[in-house]
Structures are given as C-alpha cells and as structure tokens.
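Next come the chains, spelled out residue by residue.
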Amino acid sequence: MVNLTQLLSVGIDAVVTVLEKWGVTGLNINFDFQASENLISRLLMWIYGWMGNYGWTIILFTVVLRLITLPLDFWQKFSMKKNSKIMEEITPIMTKIDKAYGDNVQAANAEKQKIMKKYRYNPAASCLPMLVTMVVFIIMFSGLNNCSSALNIKTYQSIQEAYLRGYYSVITDETKTGVAILDNEGNEILNKDGQPTTLIYYAEWKNNKTTENENEFTTAQVTALNAAYNAVTTEAEYKAKRDAVMIFSESGEGFLWIKSLWRSDNWQKVLPDNATKFASTLSGNKDVSGLTSDVIYDSIYDAFTNPDKYFDTNDPVQAEQLVKAKKSLGYGKGMWNGLLILPVLAIALTWLTTKINGKNQGTVGTGAQLESAQKQQKTMTIIMPVMMGIFALFYSAAFALYLVASNAISILFNLIETPLVNKMAEKTKSVIKNDASYRR
C-alpha cells in the first residue's frame, strides 16, 4: 500500500510522469505558473493569513481603508456644510443681483463670482476628498479584480494537483496494480520475460505498443488485462474527482451564502464550464496557456457538476464528504454560486448613501444654479446605484462585498459625523456679519 507521507512528498512532475505512463493524456501543464499579483492582492492574502476567511478579510480591509480616509471624508462634509452656510447668507445678495441684471445672465454670473470670491464660497473645496474617494474606488476595483484572478488560479492549481495526486494514489497502490493479473481460467498471465504481468507493466505496454511487441499477449489475455486496467482506471478517476471536490470544499473560498468569492454573486457556477471560459476570467494574467488542459479541466468540471456520481453513499465517510461537497458547490437547482443578495444590497446601500450625501450637501446656489444642482443630484441618485449594481452583479463577489461593506460603513460614519459637522458649522463665524463693508 502506498504510504501517504511518501505520496505527498513526491514532486508533482514525478506524479505526471507516472500518469502519462498509465495513459492519462493532456498533462503538458506548467506547474510553475505564477499568477500576477498587485499590492491589494498581497495585502489581502497577508491579512487572510491570520484571519482565515476571505470574506472577513475583505470586510476588515474595507474598515481599515475607510478609517484611513476618514479625515478626508470629514473634511469634505465640513467643507460642504460650511459652503452651504455661506451660500445661505449670501443668497439675498445673489437674488438682488439676478433682479438687477435681469436677462443678462452672463453679467449676473460674473458679479456672483465676485461675491462668492469675496465671501470665500469655494465650490471646489470638497472636490479633493471626492477625487481621493474615486481614486480609492478605482484602485480597489483593479486590486480586487486582480486578487480574484490570482486566487482563482491558486485555488484551481490546488484542485488540479489534488485531482492528479488522487489518480496517482490509486494507480501506484501495489495491492491494485502491483499484483499478477489472472486470465479467465485463473492462471497468471505471463509477459515476454516469463514474469507475472502486473497492471503497471500492462499500462506501459498498452500505451507504448509497437509492431514488435503488439503480439505479446493473446486476445483473451488482453481482454482480461483490459478489464482489470479499466476497473482500476475508473477507481482512480473517481478518487481523483472526489479529491478535487473535497479540496475545494476545504479551501475557504466561500462566505455565507456565496460558494466562491472569486466568482460573481449570481447564477454562475463555481467553475466556468470549460477551460477557455475559465482563462477569460483571469484578468491581469495574460498567458494562462500552461495552467491547465481541456482534458483535466473537463474532468474536474464534471466532478463539480455531478458529485453524486463519484461518492459512495454506502460508505459513511464518503457520504459525509458528499454532503459537505454539495453544500460548498451550491448543489441543487441551478447550482448558483450566489443568490444575487450582494448586488441588491449594493444598489440599496449606494442609493441610501447618495441620498444622505445629497441631503448633507445643503444649499449650492440660487435660481438656475440651484435647480441644475438639484437635477444633477437626482440623476446621481439613479445612476450611481445602477452602476454599482452592475459592478456587483458581473464582477467578483469579493468586489461586491467590498461595495456593500464600504457603503454600510459610509452610512454608519454619516450617522456619527453629521452631528459633529453640523455643530462645527454652527460655530463658524458669519461671513456677512463680520464684513464691515456689508450693509443690509
């Protein structure tokens, strides 16, 4: 019997060599393939090292990121509130200017610009924090997309290796492939050297047959040898597929209802249905030609979509493994990776965040300027949730989780910051009353 410690210590290239001798094809795989990573990927994997769960890792990372940008967020809110207070004070002046200049909008606006400059009303005061927020969003979008790609690759590599080692463990088990095969009459089948034929010997003969040795065995002997060979091959394939499914179940890729954070929280399966589609999800990794093969990928995909076929429910251990595997794969109707919960939450929380931010913005002008600002705010209240919903629906659940966590934290911070901002804004001196040149 193969010792497990010895099996695990065997290099994967040596495993592949044995599998190829057995007749497993399509194994020209680059096992040294390295997924490209960026700073966000490395940070998340470093945090995951001591958190042990990718979902909570993303949430913790989001909290830390929002805490770092909190001063800018507070400054933005205070600047907007202060601007709003100034605008409220100078609105009567703006109204008089509108009346004085009538239809001459250009001249009225020029005069208003002078007033706003005089009383230090700066519409761009809150732009820098907003720009920082946008830059953070873009960095996180790129980072989590890259992280999704890198961890998809690492997870698949571990699944692929588990598959190959599972196959290898059966065909190198001497109790299965190292014993002499008997013919239909119960006699040992001898090879050309007069030695009892084992399946290891037969596999090499079968897959490297030449015109010189093709008649080494009789038709009846080949039939008996093929039956034994096919039985072990099937057992090896079943073991390989069980191991592939179980390594995914233990990978920690899921979070709550989501089966894999690196796939979308929607109707997708945890694995795309072919190697080409899988490669297309790996953004940031230009050449993935050596990552897998169609033969191996298709076999693993089959295991993921038909786990019942490869687990023996009469075996208590395998029956328990099957329950765990089906749960991790979202097995059942559709086998969805997610339940569309994160996209819905992203839309709802983005709408609420945009609504709160618009309310906190306060007065931003008079007349046509105010009307235009209100229209823009109304448009943003529609566009932003839809845009974030699309991101959450079609990109990785990891990014959708970041969006939801970020918006939830933003709403929480708003509840804490708004009273403080209002209190500070109330204490700021009136720009009108402290202007000696101003006359009511």
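Residues numbered from 1 in each chain as written. Predicted model: local features only at pLDDT ≥ 70, side-chain atom pairs only at ≥ 80, totals over all residues. Heavy atoms only, no water.

What about the overall build of the chain?
As a reminder, the rule being used: The secondary structure listing takes helices from DSSP runs of H or I that are at least 4 residues long and strands from runs of E that are at least 2 residues long, numbered from the N terminus. The buried label goes to any residue with under 20% of its type's maximum accessible area, the exposed label to any with over 50%, and the partly exposed label to all in between, with areas taken from a 1.4 Å probe on protein chains only. The contact rule is simple, with two residues in contact once any of their heavy atoms fall within 4.5 Å.
Along the chain, the regular secondary structure elements total 17 helices and 0 strands. Counting across all 440 residues of the chain, residues that qualify as buried make up 45%. Counted over contacts in the chain with a minimum sequence separation of 6, partners at least 24 positions apart contribute 76%.

So, unusual backbone geometry
Within the chain, leucine 256 stands out as a residue other than glycine whose phi angle is a positive 55 degrees. Within the element layout of this structure, leucine 256 appears in the loop between α10 (219–249) and α11 (275–280).

A few points about the side chain of threonine 233
For the record, the criterion: Two N or O atoms count as a polar contact when they lie within 3.5 Å, although within protein this holds only if one can serve as hydrogen donor and the other as acceptor, and sequence-adjacent residues are included solely when both atoms are side-chain atoms.
For threonine 233, the position within the fold is in helix α10. Judged by its relative accessible area of 16%, threonine 233 is buried. Within the structure, the side chain of threonine 233 is placed 2.8 Å from the backbone oxygen of tyrosine 229, a separation counted as a polar contact.

A few points about the nonpolar core
Selection criterion: Throughout, nonpolar core names a set of buried Ala, Val, Leu, Ile, Met, Phe, Trp, Tyr and Cys residues whose side chains join them through atoms within 4.5 Å.
Counting 52 residues, the largest nonpolar core has Leu19, Trp22, Leu164, Tyr167, Ile300 and Phe304 as the members making the most contacts within it. Among the elements of the structure, α2 (12–22), α7 (127–171), α9 (199–207), α10, α11, α12 (294–305) and α14 (316–329) are those that each provide at least two residues to this core. Here the element with the most residues in this core is α10; it accounts for 10 residues. With residues near it in sequence (within four places) discarded, isoleucine 300 still touches Tyr156, Ile159, Gln160, Tyr163, Ala244 and Leu271. Membership of the second largest hydrophobic core comes to 33 residues, among which are Met45, Phe61, Ala392 and Ala397.

Digging into the confidence of the model for the chain
What counts here: Each residue carries a pLDDT score, the predictor's own confidence in it, on a scale running from 0 to 100.
Taken over all residues, the pLDDT of the chain has a mean of 75, while the share at 70 or more is 80%. At the level of individual helices and strands, the chain shows its lowest average pLDDT in helix α1 (residues 4–9), which scores 49, and its highest in α10, which scores 86. Segment residues 1–7 is flagged for pLDDT under 50; beyond a separation of four residues in sequence, or across chains, it makes 9 contacts in the model.

As for the packing of aromatic side chains
Rule in force here: Aromatic pairing here means that ring centres of Phe, Tyr or Trp (its six-membered ring) are within 6.5 Å. Orientation follows from the plane angle: under 30 degrees is stacked, over 60 is edge-to-face, and everything else is tilted.
Inspection of the entire model under this criterion finds 12 aromatic pairs. The interplanar angle of 85 degrees and the centroid separation of 5.4 Å between the aromatic rings of tryptophan 56 and phenylalanine 255 together place this pair among those described as edge-to-face. Within this pair, whereas tryptophan 56 is found in helix α4 (residues 54–68), its partner phenylalanine 255 is found in the loop between α10 and α11, the two being separated by 199 residues in sequence. With relative accessibility at 7%, the residue phenylalanine 255 sits in the buried group. Through a chain of ring-to-ring contacts, three or more aromatic side chains come together here, namely Tyr202, Trp205, Phe217 and Tyr229.

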